Amino acid sequence: MIVFDLRCGQDHVFEAWFGSSAAYEDQRARGLVCCPVCNDSDVTKAVMAPNVGAKGNRAVAAPTPSAPDAKTVLAKLAELQAAIIDKSEWVGRSFPDRARAMYLGEETAAPIHGETTAAEARELIDEGVPIAPLLIPFAPPSARN
């Protein structure tokens, strides 16, 4: 696995993990890499500081507090997302139309989740429709065992 610092067209910088540089390029070319803040798919690699170890003859500094374990953080995010999904209705590919109808008052507002393309999500955001991407990928109800 390799981690890249990425920057979207709106100058949001975020990290993403990929199996290889080729996997990153493939996913970016297919429009699968999007900014988690604004869902912009105009993503490029940001300048990264190299991870260079300290010289062996240097004094060891006092240990710094470690960041939370990534697995723990992802597990908590998945738990919170699952709770939100359990309290909302799966609307599949009708998500953009349903979200827009609720925003315009044409349909009673209710918590929903479903599928949308990056372009459709951008259109909803541009129109002011309050949506949020799911951060942890999940299988639609029809694909679950």
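Everything discussed here concerns the structure shown above.
Residues numbered from 1 in each chain as written. Predicted model: local features only at pLDDT ≥ 70, side-chain atom pairs only at ≥ 80, totals over all residues. Heavy atoms only, no water.

### Details of the environment of H12
Then, in step 1: Tracing the sequence through the fold places H12 in the loop between β1 (2-8) and β2 (13-18).
Then, in step 2: For H12, a relative accessible area of 26% corresponds to the partly exposed category.
Then, in step 3: Measuring from C-alpha to C-alpha, the distance between H12 and P36 comes to 8.8 Å, with 24 residues separating the pair along the chain.
Then, in step 4: Apart from residues lying up to four places away in sequence, H12 is in contact with L6, R7, C35, V37 and C38. (Helix = DSSP H or I, 4+ residues; strand = E, 2+ residues; numbered from the N terminus. Buried < 20%, exposed > 50% of the residue type's maximum accessible area, 1.4 Å probe, protein only. Contact = heavy atoms within 4.5 Å.)

### Structural notes on the packing of aromatic side chains
The way to describe two aromatic rings as a pair is by their centre distance and the angle between their planes.
Then, in step 1: Tallied over the entire structure, the rule returns three aromatic pairs.
Then, in step 2: Measuring from ring centre to ring centre gives 6.0 Å for F4 and F18, while their planes differ by 40°; the resulting arrangement is tilted. Here F18 lies in strand β2 and F4 lies in strand β1, a separation of 14 residues in the sequence. In this pair, the class of F4 matches that of F18, namely buried.
Then, in step 3: On the numbers, 5.3 Å between centres and 55° between planes, the contact of F4 with Y24 is tilted. Taken together, the positions of F4 in strand β1 and Y24 in helix α1 (residues 21-29) put the pair 20 residues apart, joining distant regions of the chain.
Then, in step 4: Lying over the aromatic face of F4, K45 brings its terminal NZ or CZ to 4.2 Å of the ring centre. (Phe/Tyr/Trp six-rings, centres within 6.5 Å; stacked < 30°, edge-to-face > 60°. Lys NZ or Arg CZ within 6 Å of the ring centre and 35° of its normal.)

### Examining the side chain of H113
Then, in step 1: For H113, the position within the fold is in strand β5 (residues 112-114).
Then, in step 2: Note on H113: relative accessible area 7%, which makes it buried.
Then, in step 3: Within the structure, H113 has its side chain in polar contact with the side chain of S88 (distance 2.6 Å). (Polar contact = N/O pair within 3.5 Å; in protein donor to acceptor, adjacent residues only side chain to side chain.)

### Structural notes on a nonpolar patch on the surface
Then, in step 1: A cluster of nonpolar side chains, contributed by V73, L74 and L77, occupies part of the molecular surface with about 230 Å² of accessible area.
Then, in step 2: Residue L77 is classed as partly exposed on the basis of its relative accessible area of 33%. (Patch = residues over 30% accessible without salt bridge, like charges linked within 9 Å, V, L, I, M, F, W, Y side chains within 5 Å. Areas by Shrake-Rupley, 256 points an atom, 1.4 Å probe, with all protein chains shown as cover. Salt bridge = Lys/Arg side-chain N within 4 Å of Asp/Glu carboxyl O.)

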